[in-house]
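# Summary of structural features
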Amino acid sequence: MSNLLLDDRPLVIQPKLAELLGDLDEAVILQQIHYWLEKRLNIKDGYSWVYNSMVEWNKQFPWLSLKTLKRKFKSLEDKGLLITGNYNKAKFDRTKWYRIDYDAFSNLGNALGQNDLTNVSNCPNAKGQNDTTNTIEYTENNNIDTTTTDITEIKIIYEFWKSNIGSLSPYLCREIQTIYNDWKEVSKQPKEMILESIKMAIEKDIKNINYIKTILKRWYNNRIYSLKDLEKDQEQFEKNKQRKSSKNGKKSMFIDARTQDHSKSDEEAWKAFWNG
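Let me begin by describing the structure that accompanies this report.

Thresholds applied
Position numbers for residues count from 1 along each chain, tracking the sequence in the order it is written. The model is predicted, so local features are restricted to residues of pLDDT at least 70 and side-chain atom pairs to those at 80 or more, both for listing and for counting; the totals for chains, interfaces and linings are taken over all residues. Computation of side-chain values: all heavy atoms of the structure, hydrogens and water removed. A strand pair is defined by DSSP finding two or more bridges across the two strands. Only runs of H or I of at least four residues qualify as helices and only runs of E of at least two qualify as strands under DSSP, and these elements are numbered from the N terminus. Between N-to-C directions, angles span 0 to 180 degrees; the directions come from axes that are lines fitted to C-alpha atoms, helices contributing only their stretch in contact. Two residues qualify as a contact provided that any one of their heavy atoms is within 4.5 Å of a heavy atom in the partner residue. A pair is scored as a salt bridge if a Lys or Arg side-chain nitrogen falls within 4 Å of a carboxyl oxygen belonging to Asp or Glu. Remark: exposure states derive from per-residue accessible area (1.4 Å probe, protein chains only) relative to the maximum for the residue type, with buried under 20%, exposed over 50%, and partly exposed in between.

Strands sit in the order S1-S2-S4-S3 across an open sheet of 4 strands; the sheet is antiparallel. Among the strands making up the open sheet, the edge pair consists of strand S1 (42-44) and strand S3 (82-85). Strand-to-strand, the axes of this sheet are offset by a mean angle of 45°, without reference to chain direction. Alignment of S1 against strand S2 (residues 47-51), held across 3 bridges, turns out to be antiparallel. In the strand pairing of S2, Asn42 is matched with Trp49. Together, S2, S3 and strand S4 (97-100) form the strand contacts of helix H3 (residues 24-39), whose direction differs from that of S4 by roughly 100°.

Structure follows, in structure tokens:
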């Protein structure tokens, strides 16, 4: 009997999380989903997602019946803490994809006077990437490696944000870390690209993370992965702009009789028209 206490790796949660949700099982489920999202195995539309059938989820929470588990997930959705999606390749596949709405979660905690309840360090020292997890790992997949260079670059982004936009909440720190890791997979200049997107947001006076993610998403979709790519894109934009301007500014082949100088001969009038 004593073997049941420590032999299995435990699911650990903060008591405040269970208190906040008013349900211990929901707290365990939310913490476990957070754990999977931190692995960033499935990035869609700029967010990390996790998916599983309820039968597979049930293997992670074996003390709950399948019916009860479905009810717990539905409750977290109704509270606005879980966002669902469908990125399945087969149309008939109805497996739900999940991500946590960290904004809603923070707002719920703030409304009840709680601090950040997820097990992620505050960001100024950028140690969050090395935090230990509080949940059981059900696969051999590991987190994306975070090198000393990565931590240094993330800190530079933090400092730039604080100097030019304002303070950083734990949510923003997580978002920046996620964006950095996503861009590190496709770009050799993740820091530079993120800083450029922040600069553009500042120039437009739209200083929020969602606008920055929109900029980065456009670059990603257009395979703009480096500053050189960005420079080429800007040059092409200027060329298209000039071409459009030239097209719109082209004079009509017909002389406007209302502005024609009738004192001139037809030949003189045509010359005046073409010569401006």
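Let's shift gears to the pattern of salt bridges. A complete count under the given rule lists 11 salt bridges for this structure. Across the pair Lys217 and Asp45 runs a salt bridge, and its minimum N-O distance is 3.7 Å. Taken as a pair, Lys217 in helix H10 (residues 209-221) and Asp45 in the loop between S1 and S2 lie far apart in primary sequence, 172 residues in all.

Quick look at the environment of Arg99 now. Topologically, Arg99 is positioned in strand S4. Arg99 sits in the buried class, given a relative accessible area of 13%. The spatial distance from the C-alpha of Arg99 to the C-alpha of Thr84 is 6.6 Å, given a sequence separation of 15 residues. Look past the residues within four positions of Arg99 in its chain and what remains in contact with it is Leu37, Tyr47, Ser48, Trp49, Leu81, Leu82 and Ile83.

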